[in-house]
Each structure stands twice: as C-alpha cells, then as structure tokens.
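Results of the structural survey
Residues per chain, in single letters:
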Amino acid sequence: MHQPDHRRDPHRAPRPGAAQQDRFPAGDRFADGAQYIAGRLTRGTSGRTHTVVDPATGAGVLTYELAGTDDVDAAVAAARAAFPGWSGATPGERSDALHRFAAVLGAQAEDLARAESLQCGKPLKLTREFDVPGTVDNTAFFAGAARHLQGQSAGEYSGDHTSYVRREPIGVVGSIAPWNYPLQMAAWKILPAIAAGNTVVLKPAELTPLTSLMFARAAAEAGLPDGVVNIVTGAGREAGEHLVGHPDVAMTSFTGSTAVGRRVAGIATATVKRLHLELGGKAPFVVFDDADPEAAAHGAVAGALINTGQDCTAATRAYVQRPLYEAFVERTAALMETVRLGDPFAPGTDLGPLVSHAQRDRVAGFVDRARGYARVVTGGEAPGGDLKDGAYYRPTLITGAAQDSEAVQSEIFGPVLVVLPFDTDDEGIRLANDTPYGLAASAWSRDVYRAHRATREIKAGCVWVNDHIPIISEMPHGGYKASGFGKDMSAYSFEEYTQLKHVMFDNTAVAAKDWHRTVFGDR
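Read on for an overview of the structure. (Residues numbered from 1 in each chain as written. Predicted model: local features only at pLDDT ≥ 70, side-chain atom pairs only at ≥ 80, totals over all residues. Heavy atoms only, no water.)

**Some details on the overall build of the protein chain**
To keep things clear, this is the line we draw: Helix and strand assignments come from DSSP, with helices taken as H or I runs of at least 4 residues and strands as E runs of at least 2, each series counted from the N terminus. For a compact globule the rule gives 2.2 Å times the number of residues to the power 0.38, and the radius of gyration it is set against comes from C-alpha atoms. Only protein chains enter the area calculation, which uses a 1.4 Å probe; residues under 20% of their type maximum are buried, those over 50% are exposed, and those in between are partly exposed. Per-residue accessibility takes into account occlusion by the displayed protein chains alone, with areas from the Shrake-Rupley method and a 1.4 Å probe.
When helices and strands are tallied, the protein chain shows 16 helices and 21 strands. Compactness check: the protein chain gives a C-alpha radius of gyration of 25 Å against a globular reference of 24 Å for 523 residues, within 12% of the reference. Its C-alpha atoms give the protein chain principal-axis dimensions of roughly 90 × 60 × 40 Å. Out of the 523 residues belonging to the protein chain, those deemed buried represent 57%. Accessible surface, the protein chain as shown: approximately 21100 Å² in total, 53% of it carbon and sulfur.

Given below as structure tokens:
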C-alpha cells in the first residue's frame, strides 16, 4: 500500500504510539508557549505559528506561536526591570546563583540531551557527552568568574591623583543564537552576560528553541530573579531585528552566518550598541609530510563530521603535503565509509541527520555542483531505506577541486570534506589563509618548529596542533576576518560584557591647581 511522503510536511503530528513520542515530550513541556518572559512561559503574539520537526523522521513535535515585536518589547522591559537588582547583587551572590544553576542543569542532563537530539538530530552520544556536559561546565566556570572582575591596579599615575578602574555591567543584552548548538549557544550568550551583572533577552533559532527554553527555566529553578533571563522565539526579520534595534538594548551578541551578521551589525551600529559577532568559518586542516598519517585521517573524519558537519569550526578543507596526499585520501575515505548513519536515539548511531530537509538539500546542491569540477570519492548522496524520511546525507569526501572553487571557498555546513595537495610549507599556510574566514584551523606535524610556525601564521581565532575541535571553558572562542570579532567562553568573554570606568581622585586638596593656568590666569 502506498504511503504518502511526509518529509516536507512539518505540521504532521506524530502518530499515536510512534517512537518519536518517546523521544522527548516537547508538546507537554511547552503547552503554555515557547516564549519565556519575566519568569513564565507565554504564547507569541505575531499571529503566526512554527512547527519544530524531528529531522530524523520528518515528524512535527511541537507547534508554537512565534514571537512578535510586542513580545520582544515585553521581554526587554522585563530584563530592564530586573537589571537594577541583579547588577546590584554582589559578585558572591551572583556566583552562588550560578553554582545552583549548574547543579540544576546537571540534574536535568538526560532531559536536555534528549531534547537536543530530538530537535537537532544529534546522536544521543554527542548530546550526552559533549553538548550537555560542556554547558554544565560552562555554567560552573562562570559561577567562579563572577567573583573575578579584574581592573588595573589603583595608583597615582598623574602624581596628584589616585586612579582606578571599575568594570560595570552594560545593561540589557540582546542575543541571537543559531540552530546548530542551541543549548551550548544559549549558555555561551547568557552566562558571561549574567555573571557580569547584565540581564539578557535571547532569541534562539525558530527550528530549535526547546533547550534554550529549558535553560531559562532551569535558571529560574536555581533562584535567578525573574527577568534576568528571557527567551523570545520568533523570526529573524521580525523578532530578531526588533531586538537588535531596540533602544533599551545596550549590547547585541550574534552567532550565525557572515551574511546575516552584516545585517545585524548595520542595525546595531545605527543605534550605537556594543556588538559581538561570531560568524561563519571554513576551517583548514593542514597536514605536513611528517605528520602521523593515521592520527591525521582519524582527526579529519571526526573534525569534519562532528554534528553532521554543522559546526563553524569543523574541518572543511584538508591541505595535505604531496608525499602523504594519496594515502590520506584513501584512508580518510575508508574511515568515512565506516561511519554509521541512523536514528539519533538508537545505540550505535554515529551520524544523525542534518537539522532540516532544506539544509540537507542545500548541502546536496554544493556536492552536485562540485561534480562538474571535482571528484566525489565517497558519499555524495542521501541514504534510502529506513532513513529515507529523515534529512540524512552520507559523509562525503571531494578531491580535485580548485582553490577558488565554491566547495573550497564557501561554507557548506554539512558532512563534506574537500582535500587538496600542497608542496611547500609556504604554500600550505598560504592556502590555509586563502578564504575570507578565520575562525579555526589545525596543523598536523611532529616537528615543533613547523607546528609553531603554523600557529603563528595561520590567521584564525583558534589553531589546534595534532587535533581538531576540542574546546574548553577556560579558553576563548572567536574569529578573525569575516568570522567576526569578540570571544565566547573564558574570562575574555566575561570582560566583553562589562564596560570600563576610570575613577580619579584628587589627592592635593588644593583649590587653585597649577594646571588651571592653561585655562585662565597666570602662575
């Protein structure tokens, strides 16, 4: 009997008793709406709805009302009202609240992992072992950082005055997060801001709002005051742009594509806001001829395929020195063919679907066009069978592409690795830098001098040596060039959510000071 194809019907409800109902009860958890304003869930007022879709099955799991401009106004008003109390709390009080927050998140780890896998298609082993633990660790880190706002030491720099620096919170921060790491991006946006005493309105991607909402509710359960963390789930053109341009928002933090980042920057700078942008990437993976070839091949597969390649730091361009090139291509393709595609909730699944069928089709378009100028060594297709209804795409390796080709220069954001050869070290580093982006990179060598040269000369915010992808809360994440500016995580991120104030005390008690003669009178 013919069954209708529901892959492109996001409004189809799950069948009674179907497996997706056991994945995460999104409909029950968010029956009151997908906006979190002033400590409660509410429904959006835009007059339009959106359906969260399980990308592994094509089934709708939650239909909610999108935020409109009135919801953004309400969220900003709640954040503004909460700001005096929260910014006036002592660093120790904010630290204690964030420690409780980390404990609540840890207790909810399994729910968070399942919700993230449901809305994104990530395998549970990734959400359980990477997304959720990383978020809990970030929360604990910023709980400690809240007590350590640093300024220049007080001193008599002019001779007649004592100067010191205060770091103060900025105000209401309006943040916009992407769909690829919804939970971690919510944490990266919210935690440094509130640790420094700011209040936040976060707009997550419409595709993946579940864990951002759970994160905000966990903050309330930990005792953070209502209005400190607010979530508005709406379209970028309506809710997002209104948030960025809002006169009561003092800072905008955006993570997403470079093209949208330019739009955000234009709106934010028109209202003279503090701006933080973490944009696209096209990370090079540079393998010198003295590298461990087995380590490089394993690193390339893991670095290219994490989160189905939907990672702005994923390895996308492997440059391999000529003596290792053929063996690297052969071994990397063989390893890619061992990767197990499957249901994100099934044991043994290595790779889940892309976040949507639209994203799967976008990735497929890049690969299909590449067939006209390059060779697809492995992959390059969507699987059939039990996975045909999901947004799956096989791990793909491409060779023979020119440096100026679309596959090498553009962010594909899928499970696709392009491999190119190089001859000299100078050429390898030059090619690594030859895109508009500069977010992350890696260098593979057993020669410490060669590796150090690569870390100096590759223009990227992070350069790994003999690994690719690991991140830690203590170190910053952010880019060069068209990958944006500003840092997430670390004390460097924390400082970005503060404004500096110079305080200067006269020490002389002299009424007519010597410098006054430059304005009036004589010595």
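**A few points about the pairing of strand β10 (residues 274-278)**
What counts is decided by this rule: Paired strands, as defined in this entry, are two strands with at least two bridges between them according to DSSP. Seen with the strands pointing away from the viewer, any crossover whose path from the first strand over the helix to the second strand runs clockwise is right-handed.
Within β10, four of the five residues are buried, leaving the element largely enclosed by the surrounding structure. In terms of strand pairing, strand β9 (residues 251-255) meets β10 through five bridges, oriented parallel. Paired with S253 across the strands is H276, a residue of β10. This β-α-β element, β9 to helix α9 (residues 258-270) to β10, shows right-handed connectivity. Taken together, the two bridges between β10 and strand β20 (residues 484-485) define a ladder with antiparallel strand orientation. Within the sheet, the bridge partner assigned to E278 lies in β20 and is G484.

**As for the nonpolar core**
Let me state the cut-off plainly: Residues enter a nonpolar core if they are buried and are Ala, Val, Leu, Ile, Met, Phe, Trp, Tyr or Cys, with the set joined through side-chain atoms within 4.5 Å. Contacts between residues were defined by any pair of non-hydrogen atoms, one from each residue, lying within 4.5 Å.
Ranked by internal contacts, the top residues of the largest apolar core, which has 66 residues, are F30, F101, I190, I194, F215 and L224. The leading source of residues in this core is helix α6 (residues 182-195), at 10 residues. The contacts of F215, once residues within four sequence positions are left out, are F101, L105, T135, T139, L183, A186, A187, I190 and L191.

**A look at the pattern of salt bridges**
Quick reminder of the rule: The term salt bridge refers to a pairing of a side-chain nitrogen on Lys or Arg with a carboxyl oxygen on Asp or Glu at a separation within 4 Å.
Per the counting criterion, the structure on display carries 32 salt bridges. Put simply, K501 and E168 hold a salt bridge, and the shortest N to O gap is 3.0 Å. Taken together, the residues K501 in strand β21 (residues 498-506) and E168 in strand β5 (residues 161-169) connect sequence positions 333 residues apart. Exposure remark for K501: the relative accessible area of 38% places this residue in the partly exposed category. With a relative accessible area of 17%, E168 lands in the buried category.

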